[in-house]
Amino acid sequence: MPSAALTTRICEINTQLAALLPATQSALAGDSIFTVDELRALSLPISEMAPILAAANLAPQDPQVTAQLQIYKTHLRNLQPTLERLRQILLAQRSQLATNQAQLQAVSNWATALSNTQHP
């Protein structure tokens, strides 16, 4: 990819990440809910950057590309604690759902047993 196109693409990705950062931080603060769609929107530019970063590590860069890569790295550093906290929240919710599911299954088993004992 030519240097100007690379700079433009990284700049677009940086813009997307910058727009999504407040939503992640707001969700972490408990002010909003971070939805699956927002998570997907966040993962898309990060996924797009993987091959760009691999190519950038192999070839010498012009200063504009290097500057955009630094901005991207800053966004990732800012996202890291937020994403880790969101991961912890999701793991806790998954655990709670598993507990609720087990309780629901126990109640269902109890109701079935009760129903079977009340019909001669």
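Use the structure listed above.
Note that the structure is predicted; figures quoted are calculated from it, not measured. Here the residue numbers are simple positions, counted from 1 along each chain's written sequence. With the structure being a predicted model, the display of local features is reserved for residues of pLDDT at least 70 and the display and counting of side-chain atom pairs for 80 or more, all residues being used for whole-chain, interface and lining totals. Hydrogens are left out, water is left out, and the side-chain values use all remaining heavy atoms of the structure.

Digging into the overall build of the chain
Heads up, the rule is: Numbered from the N terminus, helices here are DSSP runs of H or I no shorter than four residues, and strands are runs of E no shorter than two. When we talk radius of gyration, it's over C-alpha atoms, and the globule rule is simply 2.2 Å times the number of residues to the 0.38. Exposure classes here rest on a 1.4 Å probe applied to the protein chains alone. A residue is buried below 20% of its type maximum, exposed above 50%, and partly exposed in between. The contact rule is simple, with two residues in contact once any of their heavy atoms fall within 4.5 Å. Residue burial considers only the protein chains on display, and all accessible areas are found by Shrake-Rupley using a 1.4 Å probe. By the counting rule applied here, Lys and Arg register as positive and Asp and Glu as negative, while His and the ends of each chain are not counted. In this description, the location of a charge corresponds to atom NZ of lysine, CZ of arginine, CG of aspartate or CD of glutamate.
Helices and strands together make up the secondary structure of the chain, namely three helices and zero strands. If you list the helices and strands of the chain from N to C, you get α-α-α. Taking 14 Å as the expected radius of gyration for a compact globule of 120 residues, we find that the chain reaches 23 Å, considerably beyond that expectation. A burial count over the chain gives 20% of its 120 residues as buried. Sequence separation of 24 or more characterises 72% of the internal contacts of the chain that already satisfy a separation of 6 or more. Accessible area for the chain stands at about 8200 Å²; split by element, carbon and sulfur atoms hold 62% of it. Treating the 7 positive side-chain charges of the chain as one cloud and the 7 negative ones as another, the clouds have centres 9 Å apart.

As for the nonpolar core
Here is the rule: Residues belong to one nonpolar core when they are buried, are Ala, Val, Leu, Ile, Met, Phe, Trp, Tyr or Cys, and are joined through side-chain atoms within 4.5 Å.
Counting residues in each nonpolar core, the largest one holds 17 residues, and the members touching the most others are Ile10, Ile13, Leu17, Leu42, Met49, Ile52 and Leu69. The set of elements that each furnish at least two residues to this core consists of helix H1 (3-28), helix H2 (36-58) and helix H3 (63-118). Here this core takes seven residues from H1, the largest share from any one element. When sequence neighbours within four positions are dropped, the list of residues in contact with Leu17 reads Leu42, Pro45, Ile46, Tyr72, His75 and Leu79.

A few points about the pattern of salt bridges
Condition: The term salt bridge refers to a pairing of a side-chain nitrogen on Lys or Arg with a carboxyl oxygen on Asp or Glu at a separation within 4 Å.
Scanning the model with the defined rule gives four salt bridges in all. Across the pair Arg40 and Asp37 runs a salt bridge, and its minimum N-O distance is 3.8 Å. With Arg40 and Asp37 both in helix H2 and three residues apart, this pair spans about one turn of that helix. The same class applies to Arg40 and to Asp37, which are both exposed. In this structure, Glu84 and Arg87 form a salt bridge, with 2.9 Å as the shortest nitrogen-oxygen distance. Here the residue Glu84 and the residue Arg87 both occupy positions in helix H3, the gap between them amounting to three residues, near one helical turn. Residue classification places Arg87 among the partly exposed residues on the basis of a relative accessible area of 44%. If you follow the salt bridges from partner to partner, you end up with Arg9, Glu12 and Glu48 in one network.

Regarding the side chain of Gln68
Its location among the elements puts Gln68 in helix H3. Once residues lying within four places of it in the same chain are set aside, the contact partners of Gln68 are Thr7, Ile10, Cys11 and Asn14.

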